[in-house]
Amino acid sequence: MIKRIVTIQDISCVGKCSLTVALPIISAMGVETAILPTAVLSTHTMFQGFTCKDLTDQIAPIAQHWKNENIAFDAIYTGYLGSFEQISLVSKFFDDFKTKDNLIVVDPVMADNGKLYPAFDEAYAKENTKLCSKADLIVPNLTEASFMTGLPYKTEYDRSYIMDMLKALSQLGPKYVVLTGVSFRPDQIGVMGLNSETGETFEYYTDRVPTSYHGTGDIFSSVVVGALTRGKTLSDAFRIACDYTKETIEYTYKTPGTNAYGVDFEVTLPKLVERINN
Ligand code: PXL
């Protein structure tokens with residue numbers, strides 16, 4: 001029987017991020033992907049003049065219907081959320097749909113490169129941090145981790161800075177904390193994770209492609225959720241996600257004429273499917 005997850009985030013109609021990447025990627029990995037859209041935007045927020053229809057008032061009735069139908073999920077995965085109210089509804093969703101076996105994955109999407117995204121402020125960051133305390137696994141980047149822990153954001157650091165960050169994140173409550181965008185050498189980038197219960201750490205790096213695109217964090221997290229749901233270990237799931245994200249960025253970077261607003265994950269998807277089935 002295939003597994004089923006639900007992902008809660010916005011749908012940016014054009015732009016290749018949030019639900020328009022989570023749905024195809026997790027489905028292609030052989031996992032049923034239910035969605036709870038939190039807002040419909042014409043594009044992601046890096047375009048000028050995007051439209052946005054908030055769907056906050058749909059979250060509780062959709063969840064209630066699913067409860068009535070006894071629908072359950074092997075994982076719950078949240079990404080970009082829009083407001084305090086949405087965070088509080090998602091927190092309640094966790095209480096209602098958590099079981100002893102399923103996995104709650106929170107990607108606390110709110111910031112990158114030392115700065116919060118345009119829609120957010122520090123109060124939002126605090127609230128988003130509270131949501132992380134209910135997760136089994138969180139996958140912040142270094143900027144998000146700095147807003148969450150109060151530790152300074154640095155672009156140059158050593159292993160002890162990353163370990164301090166991981167320990168501070170684990171104090172928030174999740175069993176597994178994994179920092180993304182970790183780089184100890186200019187030509188490499190990857191992840192470092194900590195199991196809060198055993199103190200075990202793992203890390204994985206790929207060559208760095210010297211560019212960045214919108215939506216790649218969502219691709220990365222979607223692969224992690226798909227791989228874990230398919231029964232991969234934590235370190236295998238992150239290795240697969242790092243490799244796929246890197247290959248996809250590299251393909252997009254090297255191919256003339258690709259669009260500037262997102263990566264061409266559609267081209268590299270068959271390789272991911274092959275890897276997940278091996
Ligand atoms: O990729 C994260 C993301 C998701 N959804 C929307 C966004 C962003 C990042 O800016 O704007 C609407």
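Residues numbered from 1 in each chain as written. Predicted model: local features only at pLDDT ≥ 70, side-chain atom pairs only at ≥ 80, totals over all residues. Heavy atoms only, no water.

What follows is about the packing of aromatic side chains. In the structure shown here, the tally under the stated rule is 14 aromatic pairs. Aromatic side chains phenylalanine 93 and phenylalanine 97 sit 4.4 Å apart centroid to centroid with 20° between the ring planes, which places their arrangement in the stacked category. With phenylalanine 93 and phenylalanine 97 both in helix 3 (residues 84-97) and 4 residues apart, this pair spans about one turn of that helix. Each ring, one from phenylalanine 220 and one from phenylalanine 238, has its centre 5.8 Å from the other, and the planes form 50°; the classification is tilted. You can see phenylalanine 220 sitting in helix 7 (residues 216-229) and its partner phenylalanine 238 sitting in helix 8 (residues 234-254), a full 18 residues away along the chain. (Phe/Tyr/Trp six-rings, centres within 6.5 Å; stacked < 30°, edge-to-face > 60°. Helix = DSSP H or I, 4+ residues; strand = E, 2+ residues; numbered from the N terminus.)

Take the pattern of salt bridges next. Scanning the entire structure with this criterion turns up 15 salt bridges. Residues lysine 92 and aspartate 96 are paired through a salt bridge, measuring 2.8 Å at the closest nitrogen-oxygen approach. You can see lysine 92 and its partner aspartate 96 sitting in helix 3, 4 residues apart, about one turn around the helix. Close ionic contact of arginine 185 with aspartate 187 constitutes a salt bridge, the shortest N to O distance being 2.8 Å. Linked by salt bridges that have partners in common, Lys16, Asp264 and Glu266 make up one network. (Salt bridge = Lys/Arg side-chain N within 4 Å of Asp/Glu carboxyl O.)

Another point: unusual backbone geometry. Comment: phi is negative for the bulk of residues other than glycine, and the bulk of peptide bonds are trans. Located in the positive-phi region is lysine 16, a residue other than glycine, with phi close to 55°. The topology assignment puts lysine 16 in the loop between strand 1 (4-14) and helix 1 (19-28). One non-glycine residue, asparagine 113, lies in the positive phi region at around 50°. Along the chain, asparagine 113 falls in the loop between strand 6 (111-112) and strand 7 (115-116).

What follows concerns the side chain of serine 170. For serine 170, the location among the structural elements is in helix 6 (residues 159-170). Taking relative accessible area as the criterion, serine 170 reaches 15% and is therefore assigned buried. A polar atom in the side chain of serine 170 sits 2.9 Å from the backbone oxygen of lysine 167. Leave out the neighbours within four places in its chain, and serine 170 touches Val177, Leu194 and Ser196. (Buried < 20%, exposed > 50% of the residue type's maximum accessible area, 1.4 Å probe, protein only. Polar contact = N/O pair within 3.5 Å; in protein donor to acceptor, adjacent residues only side chain to side chain. Contact = heavy atoms within 4.5 Å.)

Bridge analysis of strand 10 (residues 188-195) against strand 11 (residues 201-207) gives 7 bridges, and the strand direction is antiparallel. Residue glutamine 188 lies in a different strand from strand 11, and its bridge partner there is aspartate 207. In this antiparallel pair of consecutive strands, strand 10 and strand 11, the connection spans 5 residues, and glycine 199 shows a positive phi of 80°. (Pairing = 2+ DSSP bridges.)

To continue, consider the site of the ligand. Neighbouring the ligand are 13 residues; Asp10, Ser12, Thr45, His214 and Asp218 lie closest to it. Aspartate 10 is positioned with one of its side-chain polar atoms (N or O) 2.7 Å from a nitrogen atom of the ligand. Between the ligand and the protein, one listed contact pairs an oxygen atom with a side-chain N or O atom of histidine 214 at 3.0 Å. In isolation the ligand exposes 310 Å². Once the protein is present, 98% of that is buried. Its residues placed into classes, the shell around the ligand shows 6 nonpolar, 5 polar and 2 charged. (Near = heavy atom within 4 Å. Areas by Shrake-Rupley, 256 points an atom, 1.4 Å probe, with all protein chains shown as cover. Nonpolar A, V, L, I, M, F, W, Y, C, P; charged D, E, K, R; others polar.)

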